[in-house]
Amino acid sequence: MGDYRQKEILVTGGAGFIGSNFIEYMLNHTSYNITNVDKLTYAGNMINTKSFYTNSRYRFFQCDIANNEQLKGVFDKNYDAIINFAAETHVDRSIKNAAPFIETNIKGTFNLLNYVLHGKADQFIQISTDEVYGSLNEIEPSFTENSPLSPNNPYSASKASADLLVRSYYQTYHLPVMITRCSNNFGPHQHTEKFIPKIIHHALQDKDIPLYGDGKNIRDWLYVEDHCRAIYMVLEHGKPGEIYNIGGACEKTNKEVILFILDILGKSTDLIRYVTDRKGHDRRYSINYEKINYQIGWRPTVSFEDGIEQTIAWYKNNLG
Ligand code: NAD
């Protein structure tokens, strides 16, 4: 007889964009129980959890991961894994005020690692970002897991700091921790302050669409469900202490993305409004995902075109 105990997974930040998509993915593709811990900041939205809120394998705690007192209640049981999505995530906000980024992204990660250290979870996955590697020019090779950490704004610096803490808990205590670093995601549930939802939201209302600088900054886009599947595969097959890059092999300038969406929606390019560039704006992100492809067998499957169609359909149905 095999071990039929249900796995217990603790997801943090599961009312946000990627975390809620991940919970939906896990409830649909596994028999695991999921505990979701979210502070419900401006970025967390219970509407993102509506497809699984009443699922008997799901429970929710409103809790700040930077607050150890609040976290105690969440550890009423041991977990097979903690997957840490919770973060302050908007670069522009971090430029205006970095304090919440330090609290949640660094102290929150530190608190969770200590629960792993004290035996309350058997595995820990830190959901990090390609932004920790800084910026590339148009011709440099893509970031690998060995690229130096070189963050250029308070958001990416806080994520890089958390990654270093996670690394240190592996080196010092040999804890079963892993880090994933993914490129830009798009898909349902993303806050409308972010680039692609803002384009769709504004275009649908015939409002101006702001475009930073010369519009030629390049991002590597991945549909969110592909990212969720990658994390699930790392959970099942990843090795302790390892870092896995996850990317879409889909580099596009910001202007190309806007033009593509305007074209699908049948809207005029006159909606584009050039605005002063973001301070410290990274020019190009590009991810080499050979390691996860070779070692774990993951690769992106949803094309940019299909993903954008699905994303637009979701926003059309869900924007008030
Ligand atoms: P998001 O901003 O949509 O969601 C973040 C969630 O975390 C929200 O629900 C928020 O309420 C919650 N949260 C914030 N502070 C908290 C705290 N102190 N305690 C508990 N919950 C808290 O973010 P996202 O885009 O879903 O990103 C999730 C993770 O993935 C982040 O760690 C981010 O760095 C990483 N990531 C994002 C992208 C992307 O393109 N969105 C790409 C790569 C990596």
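- Under an unreviewed UniProt entry, the chain has the name dTDP-glucose 4,6-dehydratase and belongs to Bacillus oleivorans.
- Word for word, the UniProt comment on the chain under Cofactor (unreviewed entry) is "NAD(+)".

A look at the sheet that holds strand 11 (residues 251-253)
- The strand order across the open sheet built from three strands is 7-9-11, with neighbouring strands paired in mixed fashion. Of all strands in the sheet, those bounded by a partner on one side alone are strand 7 (184-186) and strand 11. Neighbouring strand axes in the sheet, compared pairwise and without regard to direction, differ in orientation by 50° on average.
- Note that strand 7 and strand 9 (residues 218-223) share three bridges and pair parallel. Following the sheet pairing, F186 is matched in strand 9 by Y223.
- Helix-sheet contacts for helix 7 (residues 224-237) involve strand 7 and strand 9, and the interaxial angle to strand 9 is about 70°.

Re the sheet that holds strand 5 (residues 124-129)
- Strands sit in the order 3-2-1-4-5-6-10 across an open sheet of seven strands; the sheet is parallel. Among the strands making up the open sheet, the edge pair consists of strand 3 (58-62) and strand 10 (243-246). The mean angle between the axes of side-by-side strands here comes to 20°, regardless of whether they run parallel or antiparallel.
- Taken together, the four bridges between strand 1 (residues 8-12) and strand 4 (residues 81-84) define a ladder with parallel strand orientation. Looking across to strand 4, one finds that L10 is bridged to I82.
- Seen against the sheet, helix 1 (residues 17-29) touches strand 1, strand 2 (33-38), strand 3 and strand 4 and runs at an angle of roughly 170° to strand 2.
- Contacts from helix 5 (residues 154-173) reach strand 5 and strand 6 (177-182), with the element oriented near 150° to strand 5.

Examining the UniProt feature "domain: NAD(P)-binding" (unreviewed entry) in the chain
- When the UniProt feature table is mapped onto this chain, "domain: NAD(P)-binding" (unreviewed entry) is found at residues 10-311.
- With 38% helix and 18% strand, residues 10-311 has its two end C-alpha atoms placed 27 Å apart.

Structural notes on helix 1
- End to end, helix 1 covers 19 Å across 13 residues, agreeing with the expected 18 Å (1.5 Å per residue, within 8%).
- Of all 13 residues that make up helix 1, 10 are buried, and the element is covered over most of its length.
- Within helix 1, the full set of buried residues consists of F17, I18, G19, S20, N21, F22, I23, Y25, M26 and L27.
- The elements touched by buried residues of helix 1 are strand 1, strand 2, strand 3, strand 4, strand 7 and helix 7.

Calculation rules
Residues numbered from 1 in each chain as written. Predicted model: local features only at pLDDT ≥ 70, side-chain atom pairs only at ≥ 80, totals over all residues. Heavy atoms only, no water. UniProt positions renumbered as here; feature names shortened; annotations may be inferred. Pairing = 2+ DSSP bridges. Helix = DSSP H or I, 4+ residues; strand = E, 2+ residues; numbered from the N terminus. Axes fitted to C-alpha atoms, helices over the stretch in contact; angles between N-to-C directions. Contact = heavy atoms within 4.5 Å. Expected span 1.5 Å × (residues − 1). Buried < 20%, exposed > 50% of the residue type's maximum accessible area, 1.4 Å probe, protein only.

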